[in-house]
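# A closer look at the structure
If you want the building blocks of each chain, they are given just below.
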Amino acid sequence: MLNSALRSRAEYAELGVDGLAARTSPERDADIVKAVEELLEGRESVLDLCCGYGRISLPLARAGKTVRGLDISPNLVEAGRARALEEELAIDWAIGSMTDLPYAWDSFDAVICLWTAFHELFAEDEQISTICEISRVLKPGGIAIIEGPSWGPATAGEIAIGMRQGPEHRIVTTEHADGLSSVHYIHDEISYGRLCAAAGIENYKVYKREWGGRRRLILEIHA
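Scope of this entry: the structure provided in the associated data block. (Residues numbered from 1 in each chain as written. Predicted model: local features only at pLDDT ≥ 70, side-chain atom pairs only at ≥ 80, totals over all residues. Heavy atoms only, no water.)

## Points about the overall build of the protein chain
The helix and strand inventory of the protein chain stands at seven helices and ten strands. For 223 residues, the compact-globule formula gives about 17 Å, and the C-alpha radius of gyration of the protein chain, at 17 Å, lands near that figure. The principal-axis extent of the C-alpha atoms belonging to the protein chain is close to 50 × 40 × 30 Å. Across the 223 residues that make up the protein chain, the buried fraction comes to 51%. Considering only contacts in the protein chain between residues 6 or more positions apart, those separated by 24 or more positions represent 66%. (Helix = DSSP H or I, 4+ residues; strand = E, 2+ residues; numbered from the N terminus. Rg over C-alpha atoms; globule rule 2.2 N^0.38 Å. Buried < 20%, exposed > 50% of the residue type's maximum accessible area, 1.4 Å probe, protein only. Contact = heavy atoms within 4.5 Å.)

See below:
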């Protein structure tokens, strides 16, 4: 199997900006931006980790935040950069992996990693590395928000057709309306707790909430 970085880069190169944007809506994005702004209230410097084409980076910059966006997919980063230039928004864009961030210690008041991006890491060592990196670049008093789908027991049918695989059947294949499929790892309070313990993080919480019209799982880390 391709490693996570190569797999994600190939998937988003095929999907493209328009294909990815078609999986959301302006209304959903507006709701998510509002939720993010509420969670990040009072914090100015933000790393949008796995920023894609800037669907959250751009609105945060418009609202006056100091934003950096990092993604593994050159095509998505270039689209975000072009839009920011059109709007004269000062966003610092970079291409890279969430498992090895190109930023100094204590760089950001907040880190956000949304839309199942973290859940595209299947190996626990990659997941732990990313949690460590997020914690490393947070300033004291900073906050990180990781959002994605939540774990539920696999059915016999899902296992039989290969929809649920891996340890505890946490690796899920999802078919989309555009005919393409995506694969992601689903977490819960137990698995997130295991990762945070391995990363030496004690101040965190895991909860479910409405997020852009869907019930989603949130990992909130406090530095």
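## Considering the packing of helix α5 (residues 124-137) against helix α7 (residues 189-198)
Remark: α5 packs on α7, axes separated minimally by 9 Å, with the N-to-C direction vectors making an angle of 65°. As α5 packs across α7, the resulting crossing turns out to be right-handed. Within the contact between the two elements, α5 uses Glu124, Gln127, Ile128 and Ile131 and α7 uses Arg194, Leu195 and Ala198. The residue makeup of the contact of α5 with α7, split by class, is four nonpolar, one polar and two charged. (Axes fitted to C-alpha atoms, helices over the stretch in contact; angles between N-to-C directions. Left-handed = near helix turned anticlockwise from the far one by under 90°. Nonpolar A, V, L, I, M, F, W, Y, C, P; charged D, E, K, R; others polar.)

## Side note on the sheet that holds strand β9 (residues 204-211)
Read across the open sheet, the seven strands follow the order β3-β2-β1-β4-β5-β10-β9; overall the sheet is mixed. The two strands at the open ends of the sheet, each matched to only one other strand, are β3 (92-95) and β9. Put simply, the sheet's adjacent strands are angled 20° from each other on average, direction ignored. Relative to strand β4 (residues 108-113), strand β1 (residues 45-49) runs parallel, the two sharing three bridges. In the sheet register, Asp48 faces β4, and the bridge partner there is Ile112. The strands touched by helix α2 (residues 26-39) are β4, β5 (138-148), β9 and β10 (214-222); relative to β9, the strand with the most contacts, the crossing angle is about 150°. Strands β2 (66-71) and β3 of the sheet are contacted by helix α4 (residues 74-87), whose axis makes an angle of about 170° with β3. (Pairing = 2+ DSSP bridges.)

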